[in-house]
Amino acid sequence: MNFKRFILSLIVIVLLITGCKIIWNRHLITVNAAAVSPVSDWEYEAVMKRDILCLMLAYPETITGVDKVSGNEVYVLLKSGKKILYDDRKEKNAWQKSGNPDLQDMMDQLYSLSKITEVLPNYYNPGCARVYPLLKEVYGMSKKSILSNLIKVSIGYKYVEFNGNNKAAESLKAVMKELLPLSRQSHKVYAASFPSSGAFNYRLIGGTNRLSSHAYGIAIDLNSNKYDYWRWSTREEGQKRLNAYPQEVSAIFEKYGFIWGGKWGNFDIMHYEYRPEIILKARYFSERPVSGIPWYDGLQSSQEAWEYIWLIEESL
Ligand SMILES: [Zn+2]
């Protein structure tokens, strides 16, 4: 091999190695982008403000303000003097998120107000994560205090017990005022709704040590079907049940601040739960924030909302 050929071969080898390195790095970037959704600082901030606004509008008698401590720790302030951290910034998988969520985890998955045609993907359970310190503060710290907050709501043929705080029982009354006449006109609606499988029930969520939303008196199960719950059923059976389900029923509940377990990947089709913060976010902020446009754009503003927006802007 003469010297010229040797130099040429060397250049070719160096070029080949460099090319491979570039391709490999690109591959790594793609993998990372898929693993962690790229959220810029301004987008994170905009979503955080939206979440806090929805929480303030949903729990006006409990949440009194918001505070930023030492740079980036944001707390929601409660009437009792307690405060709840918005984001613990820990990496969590879907199960850790539902078992130990912070406010950011609770608000993260967007609930859809549209009619759905397919069972949602596994682990896509908007509203299924609950921040218990907030629930306790709003609906009762202990079984005894929850019991003292329950009031009776007529569901046509009988009364159920529901929590009187934060307009939960009042909202169920409003639902029934629309659902009862509709159920007299439509057999499908009647069959999906009645008899109810229960409202208040001081119990744990199956397979966990966490209290069910039924234990706070903020959830009602309508007529149950053996394919309603993901633990009893397959996704195929759940899909068939969903295909036949009259979604006029879920639309009425959503109008008054209830989420429907039929819109969870881990579905619970008979289950309705009063979660105004999740419905408000779905109603006002279903689109990602856009750079240069105020984060509260999309909100149908009321005097109350403007006061909260002002408070959030002042505090953060
Ligand atoms: Zn339920």
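For every chain, the first residue of its written sequence is number 1, and the numbers climb from 1 along that sequence. Residues qualify for local features only when their pLDDT is at least 70, as the model is predicted, and side-chain atom pairs are given and counted only at 80 or more; totals for whole chains, interfaces and linings, by contrast, use all residues. Side-chain figures throughout are based on the complete set of non-hydrogen atoms in the structure, without hydrogens or water.

Per an unreviewed UniProt entry, the protein chain goes by the name Glycoside hydrolase and belongs to Dehalobacter restrictus.

*Asks:* Describe in detail the nonpolar core, supporting the description with residues and values.
*Replies:* Residue types Ala, Val, Leu, Ile, Met, Phe, Trp, Tyr and Cys, when buried and joined through side-chain atoms within 4.5 Å, form a set referred to as a nonpolar core. Exposed residues in this analysis have more than 50% of their type's maximum accessible area, buried residues have under 20%, and partly exposed residues fall in between, with area computed by a 1.4 Å probe over protein chains only. Counting 80 residues, the largest nonpolar core has Ile 52, Leu 134, Ile 220 and Phe 253 as the members making the most contacts within it. The greatest single-element share of this core, amounting to 9 residues, is contributed by helix α2 (residues 41-58). Only heavy atoms enter the contact rule, under which two residues are in contact if any of them lie within 4.5 Å. Sequence-distant contacts of Ile 52, that is, excluding residues within four places in its chain, are made with Val 66, Val 74, Val 76, Tyr 86, Ile 312 and Leu 316. For the purposes of this entry, the term helix denotes a DSSP run of H or I that reaches at least four residues, the term strand denotes a run of E that reaches at least two, and both are numbered from the N terminus.

*Asks:* Tell me about the sheet that holds strand β6 (residues 219-221), residues and numbers included.
*Replies:* The 3 strands are arranged β6-β8-β7 in an open sheet whose pairing can be described as antiparallel. Unpaired on one side and paired on the other, β6 and β7 (258-260) mark the two borders of the sheet. For this sheet the average axis-to-axis angle between neighbouring strands, irrespective of direction, equals 20 degrees. Here, any two strands with at least 2 DSSP bridges between them count as paired. For helices, the fitted axis covers only the stretch in contact; all axes are lines through C-alpha atoms, and the angles between them, taken along N-to-C directions, range from 0 to 180 degrees.

*Asks:* Provide a residue-level description of the coordination of the zinc ion, including the pertinent values.
*Replies:* Around a metal, the perfect tetrahedron of four donors has angles of 109.5 degrees, and the perfect octahedron of six donors has angles of 90 or 180 degrees. Any N, O or S atom lying within 2.8 Å of the metal counts as a donor, with the limit raised to 3.2 Å for Na, K and Ca; because water is left out of the atom set, some sites can appear incomplete. Coordination of the zinc ion by the protein involves His 214 (NE2), Asp 221 (OD) and His 271 (ND1), with metal-donor separations of 2.0 to 2.1 Å. Of note, the zinc ion draws all its donor residues from one chain, in the sequence arrangement H-x6-D-x49-H. Of this pair, His 214 sits in the loop between α8 (187-193) and β6 while His 271 is found in strand β8 (residues 271-274), placing the two residues 57 residues apart along the sequence. Taking relative accessible area as the criterion, His 271 reaches 3% and is therefore assigned buried.

*Asks:* Which residues make up the pattern of salt bridges, and what values go with them?
*Replies:* A pairing counts as a salt bridge when a side-chain nitrogen of Lys or Arg comes within 4 Å of a carboxyl oxygen of Asp or Glu. Throughout the structure, instances matching the rule amount to 14 salt bridges. Put simply, Asp 88 and Lys 92 hold a salt bridge, and the shortest N to O gap is 2.9 Å. Asp 88 gets classed as partly exposed once you look at its relative accessible area, which sits at 23%. With a shortest N-O distance of 2.5 Å, Asp 105 and Lys 92 are connected by a salt bridge. Here Asp 105 is found in helix α4 (residues 103-108), whereas its partner Lys 92 is found in the loop between β3 (83-85) and α3 (94-99), with 13 residues between them in sequence. The same class applies to Asp 105 and to Lys 92, which are both buried. Within this structure, Asp 88, Lys 92, Asp 102 and Asp 105 form a network of salt bridges that share partners.

*Asks:* Which residues make up the packing of α2 against helix α11 (residues 276-284), and what are the values?
*Replies:* It is the contact of α2 with α11, at a shortest axis distance of 8 Å, that shows an interaxial angle of 130 degrees. In terms of orientation, α2 and α11 fall into the oblique class. Our pair here, α2 against α11, has a crossing hand that is right-handed. Residues Val 47, Asp 51, Cys 54, Leu 55, Leu 57 and Ala 58 of α2 pack against Pro 276, Glu 277, Leu 280 and Lys 281 of α11. Class assignment of the residues belonging to the contact of α2 with α11 gives a composition of 7 nonpolar, no polar and 3 charged. With respect to orientation, any angle under 35 degrees is reported as roughly parallel, any angle over 145 as roughly antiparallel, any angle of 65 to 115 as roughly perpendicular, and every other angle as oblique. By convention the crossing between two helices is left-handed if the near helix lies anticlockwise of the far one by an angle smaller than a right angle, and right-handed if it lies clockwise. For this scheme, ten residues count as nonpolar: Ala, Val, Leu, Ile, Met, Phe, Trp, Tyr, Cys and Pro. Four count as charged, namely Asp, Glu, Lys and Arg, and the remainder, Gly too, count as polar.

*Asks:* Talk me through helix α10 (residues 248-255); I want residue IDs and the actual numbers.
*Replies:* Residues of α10 that are buried include every one of Val 249, Ser 250, Ile 252, Phe 253 and Glu 254, and no others. Buried residues belonging to α10 abut α7 (168-185), α8, β6, β7, β8 and α11. Positive backbone phi, approximately 90 degrees, marks Gly 257, located one or two places after α10.

*Asks:* Go over the packing of aromatic side chains, please, and point to the residues and values.
*Replies:* The geometry of an aromatic ring pair is captured by the separation of the ring centres together with the interplanar angle, meaning the angle of the planes. A pair of aromatic rings is counted whenever rings of Phe, Tyr or Trp (Trp by its six-membered ring) have centres within 6.5 Å, and the orientation is called stacked for planes under 30 degrees apart, edge-to-face for over 60 and tilted otherwise. Within the structure shown, the criterion is met by 16 aromatic pairs. A centroid spacing of 6.4 Å and a plane angle of 40 degrees characterise the contact between Trp 95 and Trp 230, whose relative ring orientation is tilted. Linking Trp 95 in helix α3 with Trp 230 in the loop between β6 and α9 (235-244), this pair joins segments that are 135 residues apart in sequence. Overall, Trp 95 belongs to the partly exposed group, its relative accessible area being 43%. The class for Trp 230 is partly exposed, based on a relative accessible area of 26%. Pairwise contacts between aromatic rings join Phe 162, Tyr 245, Phe 253, Phe 258, Trp 260, Tyr 272 and Tyr 274 into one cluster. Should the NZ of a Lys or the CZ of an Arg lie within 6 Å of a ring centre and within 35 degrees of the ring normal, that charge is described as sitting over the ring. Against the face of Tyr 75 rests Lys 83, its NZ or CZ located 4.4 Å from the ring centre.

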